[in-house]
Amino acid sequence: MRHSLTIEKRAAVKEKRESLDFDIVFAGGGPANLASAIRLKQLITRHNEQNPSKTLDPTIAVVDKGRHAGAHLLSGAVFDTKALAELLPDFVDRDCPLDALVSRDKILFLTAKKSFAVPTVPEPFRNSGYPLVSLSRLGYWMAGEAENAGIELFTNTTAIKPIIENGSVCGLLTGDLGLDRFGNPKPDYLEGAELRAKVTVIGEGVAGTLATELQNDFSLCAQSAPQHYETGVKEVWKIAEGAIDAGEAWHTFGYPLPPETYGGGWLYALSPSEVSVGFVTAICPQAPEADPHKNLQLFKQHPSIAAILKGGSMLEYGAKAITSGGLDAIGRISGPGFLVTGESAGMLNMQRLKGIHLAMKSGMLAAETIFEALLRDDFSERTLQDYEERFRNSWAYDELHAARNFRQAFDKGLYQGLLQTGMQLKFPGLSLASTFLRKKKDHAARPHHATKQKNDSPPQFMTDGELTFSKEECLFRSGTMHEENQPCHLRINPAEMAEICLGRCREEHGNPCTRFCPANVYAFIKTPEPTLRISPSNCLHCKTCTLADPYGVITWTPPEGGGGPDYKLG
Amino acid sequence: MGQYYLVYLELRNGAIAKSSIDVWNRFQELAACIDDRMYGFAAGPAAEGAFDVLQGNGTIYHAAGSRSGSASDVAVCAMLEELACRHGVTGIALASTAMGRRLAPLLSGRLRAALLSGCREFGGPDEACSRFIHSGSVIASYMPASAITVFLQGRELVSPDFCAAERPQIEVFDAAPYLDAGIDVLFRPVMHSSQGRDIAEASVIVAGGRGMGSPEAFGLLEELAALFGGSVGASRSAVDEGWRPHGEQIGQTGKRVAPDLYIACGISGALQHLAGIAAARIVVAVNSDPDAPIFGAADYGIVGDVRIVLPELIAAVRDLLTKK
Amino acid sequence: MRIVVCICQVPDIASVVTVVDGRIDLSRLSWVMNPYDEYAVEEAVRLKELLPGSEVTVMTATEESGRDLLRKALAMGADRAFELLSSSLEDSFQIASVLSGAIRERYADALPDLVLCGRESFDHQNAAVPAMLAGMLGIAFTGPVTAISASGEIVEFERETESGIECLQAAYPLVVSAEKGLNIPRKTGIRQVMEARKKPIETISVSQPPASLLRLQGVVPVSAEKNCRFAINARELAGLLLRDGCIPKGEE
């Protein structure tokens, strides 16, 4: 009866993969690509007004894997509005969602119980006058601006692969929907589509899937220094008014990190009753011991932070890796058929702890390049290469360059001591390279180190559910959600799972993924059989695992579109 | 003036449904004032002595004339409306059965009567009613703002222990004028029947999730449920796997249940699942993962493999049952 | 066949519903189409595909913009959409009134053949609007159905009861509510979203809905958190259940 009644599924005729033609396709809907799309549309509109007989009307699409615009964006953040003022000079009138302006900067060195303020805040760390902002809200607002300008924005859509034909990128492939955990089509299966484009703009943020593939295929980073990463973990709290003045921006170093580990905390008073509190921890395969989530919890226990949060409640939790290699690690940012923008290109100034403005600027420069290409109807690699030139001639390059040189000044300067105890975080241009080498040497002596760590592991950190929270409790405030029955998007091949995860890694590092993942995706289960349990549904898309995995066995692939966190204050 | 209550008494195979008796008893308790009055209404054929289970004062109208189980919603609704008007009823109460859930909003819309469903505290038409909303994460209280209030009651409250020497009076109600309402659904007989009781009415539910590992393992749950006289339920994962039918699914996309005892086996306890058991009184969790969120919502827990723990539990419960 | 689908949006399942100053904090919620309504839209679109010449109209009664929600239904295959903006939608009665008013207005000559709704909304879980709507339109209501088979003249459907599955027949017009199991809603890709952006959405302002029948007195958050007592073995657990009166004393 049931079968005769149920209307049978529409005929499942296997057809050729759907292909949609656009002129320009943007992979990723963050500040870089949204600024780029808006800029491009502005240039076209102006051109069309001035040349009514020779108008351009390219189709422009932006795809983003979040379930709404801004859902996957996370930052501190102090926002340098330089690029936005160039893009949309009337951004304030357009209700750009800005929080309090920074009224006072503080740099604090923390010991377990005390804090010492750095008497004079050096220029690059001064934030006074810049607005505090939630990047996810900013992204949501920019997406609205882009859509109003006529950009086709597709949320819930993953870009899983560049389409490369004849040595040139000619679009991207979107992810399949409706596969079960074994990779078989479910009744609601919808095959991903080809989005073909004359120019594909890659702005996926940190450690992007397409960016990584293009870097390999086109050797984009052959000439550049190795990239470096940190993981930022952030919470937004509602607090009792009066605990801190709106606009205070604190940066800390020291506690809870040991001197040899890079990292530091921040506390921004977004309003009299809302603060952004976060912690940045260096992550790298050579030193995978970090636990960024725990560092933030310990940081919040510091008396000077706990006093502010007392009696408050956590509204949102999130995590994101940060690209921190600076100018030296920026490789080529263009290639045949594509441009790379924002953090995917490494546009982040760790000295100033800022990247949004650089991301936006790089996007705008990409837009100008694309506009020229549209005018000339010439999308050759040669034309797109102008982007590199535009970047080198921009203030964005100058700023990144200055940040690099800053390192030498500091090496000899007043703050050398501070830097050695942890401030390097803020100056990655500074000594990461030398540190990297040092860590590499450490790596050779790893077994000894690992044993030591196992034996005198610190007493277990207990969360209290008021000030500090377990990863599970935190996740509840991240809005993260995935279709449960889909292929695991964190791929470890079975042979490596057996040999590395349950063998070598367990012995040498005690499965650091169970600690460095701020989303509790990885857990080691002892019984009935030792297993590394992967809970992909917890994933915050922060990419820490691919960047910190000591053996490089974890591959992060985009899960079904719409999965992932749901940041509103990120 | 007192409250006049009209209770819809659902007849199933000639007998009054247990859930309707609960509602009758609850309103009998409520109608304690001298001015309060109780009315009942039942449609369809009743077995000899079917109404003997009802205690307390009042008048029960029985529309026996309608065919078995076939008095359409619209006809029953029209008859209830007639009785409500005839007696100046202030509250109409229905049990939350499949039919009750169709009738109550229909009555509410036609009589412009406030609908209070799933109340967790109970005061009558003049008092606010509180119920779960947003998957059990919030309790909202509502005040009816209409002359008549329609109550739809499920297992949110413990069965009342109402006892009285009096028996209601039974009167025949002529259904004929109402049976041709014109806009009715035609009925065909029930085609097939699922086994056991509806889980929404069960006082004990033993439910399994993906951790059961196979559809066969649900046999253990059936065995355990049988000892308690309860029903078997399933999590979304188990239903998605095709191990159990949709009708057994508990959670946000399935049924919300309110048993006295809920035993969750191999269920991790996703929020959507917990949403379905917010009103359960005692929750027991059996899971091999000590970090499973289900333990956070459980009164009692055992960490262990369901295939090992369940046979032991079945044996232990059976021992206690035979000792008694 | 002319089909109307009534849909609404609800917080998605990852949204944390919190109470601030005695009210539900809506600012931290993400909204999606009510999952039961997805079944309703899917079924309507399947019927349309089966019965050529059919038209699927979606409607939502809302206090704020419902355009994203309607676009989702259009992407799934609905033909046109109405956003019914109402100043007050406090209870099911007001929502059903606004919907029935709009349906009567749009279908002044003859009511649509089928009005499809979801079983209930995920957030308030009253399951009242479909039946109320049927009452207001003066047409029959099937209750939540798990299967539908429709021809031009007659519709057959299945619904769950306490004693099993009922199979019934009915004539149009009819209000049907969609239960889980009715179908598996389709996913929408870029092409469907682009097509949806070209379909019409009309906004109708409803200035004076009838007064609500329920007044919200207040909301309090509930903690589902219990203090789990772990039993060492099954025997101890059985003992605890006995103590709590959970082991039956024979025939219930």
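The rules behind each value
- Residues numbered from 1 in each chain as written.
- Chains lettered and ligands numbered in written order.
- Predicted model: local features only at pLDDT ≥ 70, side-chain atom pairs only at ≥ 80, totals over all residues.
- Heavy atoms only, no water.
- Phe/Tyr/Trp six-rings, centres within 6.5 Å; stacked < 30°, edge-to-face > 60°.
- Helix = DSSP H or I, 4+ residues; strand = E, 2+ residues; numbered from the N terminus.
- Buried < 20%, exposed > 50% of the residue type's maximum accessible area, 1.4 Å probe, protein only.
- Disulfide = S-S within 2.5 Å.
- Contact = heavy atoms within 4.5 Å.
- Buried area = accessible area lost by both parts, 1.4 Å probe.
- Salt bridge = Lys/Arg side-chain N within 4 Å of Asp/Glu carboxyl O.
- Pairing = 2+ DSSP bridges.
- Axes fitted to C-alpha atoms, helices over the stretch in contact; angles between N-to-C directions.
- Expected span 1.5 Å × (residues − 1).
- Nonpolar A, V, L, I, M, F, W, Y, C, P; charged D, E, K, R; others polar.
- Parallel < 35°, antiparallel > 145°, perpendicular 65-115°, else oblique.
- Left-handed = near helix turned anticlockwise from the far one by under 90°.
- Polar contact = N/O pair within 3.5 Å; in protein donor to acceptor, adjacent residues only side chain to side chain.

A. Looking closely at the packing of aromatic side chains. Applying the stated criterion to the full structure yields 17 aromatic pairs over all chains. Seen from their ring centres, Phe22(A) and Phe154(A) are 6.3 Å apart, and the 65° between their planes marks the pair as edge-to-face. Of the two residues, Phe22(A) is situated in the loop between β1 (19-21) and β2 (24-27) and Phe154(A) in strand β8 (residues 152-154); the sequence distance between them amounts to 132 residues. A residue is classified by how much of its surface remains accessible, and Phe22(A), at 6% relative accessible area, is buried. Given a relative accessible area of 2%, Phe154(A) falls into the buried group. Ring centres of Tyr36(C) and Tyr39(C) lie 6.0 Å apart, and the angle between their planes is 70°; on these two criteria the pair is classed as edge-to-face. Of the two residues, Tyr36(C) and Tyr39(C) are both situated in helix α1 (residues 35-50); the distance of 3 residues between them amounts to about one turn of the helix. Each member of the pair, Tyr36(C) as well as Tyr39(C), is classed as buried.

B. Structural context of the state of the cysteines. Using the criterion set out here, one finds 1 disulfide over all chains in the structure. Here Cys474(A) stays unpaired: no disulfide links it, and the sulfur of Cys517(A), its closest cysteine neighbor, is 12 Å away. Take Cys474(A): its relative accessible area is 0%, and that puts it in the buried class. You can see Cys33(B) has no disulfide; the closest cysteine sulfur is in Cys119(B), sitting 19 Å from it.

C. Region of interest: the interface of chain A and chain C. Contact residues are listed per partner, giving 35 residues for chain A and 36 residues for chain C. Summed over both sides, the interface of chain A with chain C buries roughly 2900 Å², with 59% coming from carbon and sulfur. Applying the counting criterion to the chain A and chain C interface returns 7 salt bridges. Between Glu18(A) and Arg191(C) there is a salt bridge, and its shortest N-O distance comes to 2.2 Å.

D. Representation of the environment of Val89(B) within the structure. Residues and elements named next belong to chain B. Mapped onto the elements of the fold, Val89 is located in the loop between α2 (73-87) and β6 (91-95). On the basis of relative accessible area, Val89 is assigned to the buried category, the value being 5%. For the pair Val89 and Gln3, spaced 86 residues apart in sequence, the C-alpha separation works out to 7.3 Å. Once residues lying within four places of it in the same chain are set aside, the contact partners of Val89 are Tyr4, Tyr5, Leu6, Tyr39, Leu83, Ala84 and Ile148.

E. Just the environment of Phe93(C), in detail. In this fold, Phe93(C) is placed in helix α3 (residues 92-106). You can call Phe93(C) buried: its relative accessible area is 2%. Separated by 119 residues in sequence, Phe93(C) and Ser212(C) place their C-alpha atoms 6.4 Å apart. Each residue touching Phe93(C), except ones within four places of it in the same chain, is listed here: Gly109(B), Arg112(B), Met132(C), Met136(C), Pro210(C), Ala211(C) and Leu213(C).

F. Spotlight on the pairing of strand β10 (residues 168-174) of chain A. Residues and elements named next belong to chain A. In terms of burial, β10 is a largely internal element, 6 of the 7 residues being buried. As paired strands, strand β9 (residues 159-165) and β10 are joined by 5 bridges and run antiparallel to one another. By the bridge assignment for β10, Pro162 is matched with Leu172. In textbook terms, the turn of a hairpin is the stretch between consecutive antiparallel strands, and for β9 and β10 this stretch comprises 2 residues, one of which, Asn166, has a positive phi near 50°. Judged from the 3 bridges that link them, β10 and strand β13 (residues 194-196) form a sheet pairing that is antiparallel. What sits directly across from Leu172, in β13, is Leu195.

G. Spatial organisation of the sheet that holds strand β16 (residues 248-254) of chain A. Residues and elements named next belong to chain A. With mixed pairing, the 7 strands of this open sheet are ordered in space as β6-β5-β16-β17-β18-β15-β19. In this open sheet, the two edge strands, each paired with only one partner strand, are β6 (115-117) and β19 (313-323). Across the sheet, the axes of successive neighbouring strands diverge by a mean angle of 20°, strand direction being ignored. Pairing analysis gives 3 bridges linking strand β5 (residues 104-110) to β6, with the strands arranged antiparallel. Note on β6: the bridge partner recorded for Phe109 is Phe116. With respect to the sheet, helix α6 (residues 292-301) is in contact with β5, β15 (229-238), β16, β17 (263-271), β18 (274-283) and β19, its orientation differing from that of β18 by roughly 135°.

H. A look at helix α4 (residues 135-148) of chain A. Residue and element names in this part refer to chain A. Between its first and last C-alpha atoms α4 spans 20 Å; for 14 residues at 1.5 Å apiece the expected length is 20 Å, and the two agree. Looking only at α4, the buried set comprises Leu135, Ser136, Leu138, Gly139, Trp141, Met142, Ala143, Glu145 and Ala146. Here the buried face of α4 lies against α2 (31-50), α3 (82-87), β7 (131-133), β8 and α8 (356-376). One or two residues past the end of α4 sits Gly150, with phi positive at roughly 100°.

I. Representation of the environment of Ile267(B) in the model. All names here are of chain B. For Ile267, the location among the structural elements is in the loop between β15 (261-265) and α6 (271-276). Once the C-alpha coordinates of Ile267 and Val286 are considered, the two residues, 19 residues apart in sequence, prove to be 7.8 Å apart. In this structure, Ile267 is in contact with Ala207, Gly208, Gly209, Ser235, Tyr262, His273, Asn287 and Ile294, ignoring residues within four places of it in sequence.

J. Focus on the interface of chain C and chain B. Counting residues at the interface gives 79 residues for chain C, matched by 88 residues for chain B. Summed over both partners, the interface of chain C with chain B comes to about 7100 Å²; 59% of that surface belongs to carbon and sulfur atoms. For the chain C face of the interface with chain B, the top three residues by lost area are Glu162(C), Lys180(C) and Lys226(C), together amounting to 11%. Glu162(C) is the partner of Arg12(B) in a salt bridge, and the nearest nitrogen-oxygen pair spans 3.7 Å. Looking at the side of chain C that touches chain B residue by residue, the class counts come to 43 nonpolar, 18 polar and 18 charged. Bridge count between strand β9 (residues 138-144) of chain B and strand β14 (residues 214-221) of chain C: 7 bridges; the pairing is antiparallel.

K. Region of the structure containing helix α4 (residues 129-137) of chain C. Most of α4(C) sits out of view: 8 of its 9 residues are buried. Among the residues making up α4(C), those that are buried are Val129(C), Pro130(C), Ala131(C), Met132(C), Leu133(C), Ala134(C), Met136(C) and Leu137(C).

L. The packing of α2(A) against α4(A), seen in detail. Residue and element names in this part refer to chain A. At a closest axis distance of 9 Å, the pairing of α2 and α4 adopts a crossing angle of 20°. On the basis of their axis angle, the class for α2 and α4 is roughly parallel. As α2 packs across α4, the resulting crossing turns out to be left-handed. Seen from α2, the contacting residues are Pro31, Leu34, Ala35 and Ile38; seen from α4, they are Leu135, Gly139, Met142, Ala143, Glu145 and Ala146. Grouping the amino acids of the contact of α2 with α4 by side-chain chemistry returns 8 nonpolar, 1 polar and 1 charged.

M. Here's a closer look at the sheet that holds strand β14 (residues 199-202) of chain A. Overall, mixed pairing links the 6 strands, which are arranged β8-β3-β2-β14-β21-β20 (chain A) in an open sheet. Each edge of the open sheet is held by one strand with a lone partner, namely β8 and β20 (334-335) of chain A.

N. Quick peek at the pattern of salt bridges. Residue and element names in this part refer to chain A. The full count for this structure, using the stated rule, is 66 salt bridges over all chains. One salt bridge in this structure joins Asp176 and Arg17, with 4.0 Å as the shortest N-O distance. Of this pair, Asp176 sits in the loop between β10 and β11 (177-179) while Arg17 sits in the loop between α1 (2-5) and β1, and the two are 159 residues apart along the sequence. For Asp176, a relative accessible area of 26% gives the class partly exposed.

O. Looking closely at the side chain of Asn520(A). Residue and element names in this part refer to chain A. Here Asn520 is to be found in the loop between α17 (513-516) and β23 (522-525). A distance of 3.4 Å separates polar atoms of two side chains, one belonging to Asn520 and the other to Glu472. Each residue touching Asn520, except ones within four places of it in the same chain, is listed here: Lys471, Glu472, Ser535 and Asn538.

P. Up close: the pairing of β17(A). Residue and element names in this part refer to chain A. Most of β17 sits inside the fold, with 8 of its 9 residues counted as buried. One ladder, built from 4 bridges, connects β16 with β17; its direction is antiparallel. Within β17, the residue paired with Trp250 across the bridge is Leu267. Of the pairings in the sheet, the one linking β17 to β18 comprises 8 bridges and is antiparallel in character. Bridged to Tyr268 within β18 is Ser276. Linking β17 back to β18 in an antiparallel pair, the connection comprises 2 residues.

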